[in-house]
Amino acid sequence: MGFETLILLCTITCCCLAQKPGNVSSPNIIIMLMDDMGWGDLGAFGQPSKETPNLDAMAAQGMLLLNFYTANPLCSPSRAALLTGRLPVRNGFYTTNGHARNAYTPQEIVGGISKDEILLPRMLKKRGYFNKIVGKWHLGHRPQYLPLEHGFDEWFGAPNCHFGPYNNSVRPNIPVYRNSRMLGRYHEEFKIDKKTGESNLTQMYLLEGLDFIQRQAEAQKPFFLYWTPDATHAPAYASKYFLGKSQRGRYGDAVMELDYSVGKILSLLRHLGIDNNTFVFFTSDNGAALMSGPSESGSNGPFLCGKETTFEGGMREPAIAWWPGHIREGTVSFQLANVMDLFTTSLALAGMSPPDDRTIDGMDLTPVLLHNTVLDRPIFYYRGNELMAVRLGQYKAHYWTWSNSWEELKKGINFCPGQEVPHVTTHEQKEHTMEPLIFHLGRDPGEKYPISVLAKEYQDVLSWISPVVEKHRSTLVAGIPQLNMCDVAVMNWAPAGCEMLGKCLKVPSSQPSKCDWPH
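Calculation criteria
Residue positions are given per chain, counted from 1 along the sequence in the order it is written. Local features in this predicted model are restricted to residues of pLDDT 70 or higher, and side-chain atom pairs are both shown and tallied only at a pLDDT of 80 or more, whereas totals for entire chains, interfaces and linings draw on every residue. Derived side-chain values reflect all non-hydrogen atoms in the structure, with water molecules and hydrogen atoms excluded from consideration. The criterion for an aromatic pair is that two Phe, Tyr or Trp rings (for Trp, the six-membered ring) have centres within 6.5 Å, with stacked assigned to planes under 30 degrees apart, edge-to-face to planes over 60 apart and tilted to the rest. Each helix is a run of H or I in the DSSP string that is no shorter than four residues. Each strand is a run of E no shorter than two, and both are numbered from the N terminus. Note on classification: 1.4 Å probe, protein chains only; a residue is buried when its accessible area is under 20% of the maximum for its type, exposed when over 50%, partly exposed between these limits. To sit over a ring, a charge needs its Lys NZ or Arg CZ within 6 Å of the ring centre and within 35 degrees of the ring normal. UniProt positions are given in the numbering used here, feature names are shortened, and annotations may be inferred rather than shown by experiment. Contact criterion: two residues are considered in contact whenever any of their non-hydrogen atoms come within 4.5 Å of each other. If DSSP finds at least two bridges between two strands, the strands pair. Where helices are involved, their axes are fitted lines through C-alpha atoms of the stretch in contact, as for all axes, and angles between N-to-C directions lie from 0 to 180°. Angle categories are assigned with fixed cut-offs, so that under 35 degrees is roughly parallel, over 145 is roughly antiparallel, 65 to 115 is roughly perpendicular, and the rest are oblique. Residue polarity follows a fixed list, in which Ala, Val, Leu, Ile, Met, Phe, Trp, Tyr, Cys and Pro are nonpolar, Asp, Glu, Lys and Arg are charged, and the others, Gly among them, are polar.

**Some details on the packing of aromatic side chains**
- For the structure shown, the criterion picks out 19 aromatic pairs.
- Between Phe152 and Phe224, the aromatic rings sit 5.9 Å apart at their centres with planes inclined by 25°, giving stacked as the arrangement. Of this pair, Phe152 sits in the loop between β4 (130-136) and β5 (154-158) while Phe224 sits in strand β8 (residues 223-228), and the two are 72 residues apart along the sequence. Assigned by exposure class, Phe152 and Phe224 land together as buried.
- Members of the aromatic cluster, connected to one another through ring pairs, are Phe68, Phe279, Phe281 and Trp323.
- Sitting over the ring of Tyr241, Lys245 keeps its end group 3.7 Å from the ring centre.

What follows is the structure, given as structure tokens:
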């Protein structure tokens, strides 16, 4: 039986079996977080290929947020920020092994999300929500860091990205989990053909999401679904039906399949009669990974550079909010917003306040979503432990610039291919604290033409932004860095459940060392 048939049967079953929910005060919440998807990858954001009809329809039925940002230009810190509502420098998802270095959670990382951090599902559980993550976790793979230890009730997916295949002697293949036990490994039981790009993983993630929605609708309990497929992370993959369908290579195939999946999820919500009681938000963890090449990466639209940088292409994300009967159809918001706002906004929708014993960086967006108001707030652009830039209104001030090092560039790794801007996309870390580079993003979205320091406009903007920066720096209390130490012994050699499958591997001797973060 094909996946198309399975999805059809699942939808029919949902429509037949689920009862109409009663008046539930707390709406269901679905956050769809894509992997390395760029601002310019959707038709609604100007992608000329027009290969995302379902997401474009979602935007037409809801709200398009044009100024939506991640909290860090890399996967793990961005995801930690979303689920905690806090900057990575506060929640510990950064490194002090080097200045302004991006860090994440590869297999050898010792750390993960701190037990002291309060994640969104743990808060929602207090209001009776049932919580599931489907897809990539990326906040630590050791047992104490996994999703069910931090408020999720169910999980189907993997702790790391789908890299591999490995030979299981020097490095193990990544495990795929059902809740707290592994079901198999990527490139083994869960096939990914690196040569052709064929994999059924997105279809599996879709079915998991549909099944979860059906069960919770029948139970008439509010739910939180965190849907995090990673098909658009290089090496991109898609199921056989979608391979070769896009004009944009394998990456485009993956986008088309994700678009199809979003359409199926929204359709199911309508069929079950719970669309008016379900808030859905679609976005990405960071900008498109331009260094992966044109067939394996997306588009950041008019913006400069991509993933790993704090230029607009690395941090501005596609974002769509959908909630029929509540969010007015066809609205466009120019609000400066951030993935951390999803933490605070979700709590507000559930009738909850955020924790009051810590600094929360996320803002409640319900006035924006429901009334299209515009609220004053800054956007802070962090790379590792350094505040690189700040945006207020249409202006962005760079206090540090760096794309990637000359050493990495000579190896063929380029975060800004074809987009070099003299004195801006620098290959060494350049400090501009005394005289920041200031751009007007409305006139110059590509950050190519800094405003002259002699201009009155520059002085006016500097006097406006400087107090905001000084206040932020003076009050910032950094968390304990979780991404400093690595050790081959902590890799996915023997995850829980490996004994039952005969999939346990020999654990090598411990060799703790400081992680090397070149970017």
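**Side note on the UniProt feature "modified residue: 3-oxoalanine (Cys)" (unreviewed entry) in the protein chain**
- Under the UniProt annotation, the feature "modified residue: 3-oxoalanine (Cys)" (unreviewed entry) is placed at Cys75.
- Considering the arrangement of structural elements, one finds Cys75 in helix α3 (residues 75-84).
- Those residues in contact with Cys75 that sit more than four places away from it in its chain are Tyr104, Lys136, His138, Asp285 and Asn286.

**Some words on the sheet that holds strand β19 (residues 437-440)**
- With antiparallel pairing, the four strands of this open sheet are ordered in space as β14-β15-β16-β19. Edge positions in the sheet fall to β14 (379-383) and β19, since each of these pairs with one other strand and no more. Each neighbouring strand pair of the sheet contributes to a mean axis angle of 20°, computed without reference to strand direction.
- Taken together, the four bridges between strand β16 (residues 395-398) and β19 define a ladder with antiparallel strand orientation. Residue pairing in the sheet places Ala397 in a bridge with Ile438 of β19.
- Contacting β14, β15 (386-392), β16 and β19, helix α12 (residues 456-475) runs over the sheet at an angle of about 130° to β15.

**Notes on the sheet that holds strand β6 (residues 175-178)**
- As summarised here, the arrangement of the ten strands in space is β7-β6-β5-β4-β8-β1-β9-β11-β2-β12, forming an open sheet in which the pairing is mixed. The strands lining the two open edges of the sheet, one partner per strand, are β7 (181-185) and β12 (331-333). Within the sheet, the average angular offset between the axes of one strand and its neighbour, ignoring direction, is 15°.
- Strand direction decides the pairing type here: strand β1 (residues 28-34) and strand β9 (residues 278-284), joined by seven bridges, are parallel. Residue pairing across strands places Leu33 opposite Thr283, the latter belonging to β9.
- In the packing of helix α2 (residues 53-61) onto the sheet, contacts are made with β2 (63-65), β9 and β11 (320-322), and the angle to β11 comes to roughly 65°.
- Against the sheet, helix α7 (residues 249-271) touches β1, β8, β9 and β11, its axis set at about 175° to β1.

**Points about the packing of helix α6 (residues 201-219) against α7**
- Contact pair α6 / α7: the axes reach a minimum separation of 10 Å and the direction vectors enclose 10°. On the basis of the axis angle, α6 is roughly parallel to α7. Across from Thr202, Gln203, Leu206, Leu210 and Ile213 in α6, the residues of α7 making contact are Glu257, Leu258, Tyr260, Ser261, Lys264, Ile265, Leu268 and Leu269.
- Residue composition of the contact of α6 with α7, grouped by class: eight nonpolar, three polar and two charged.

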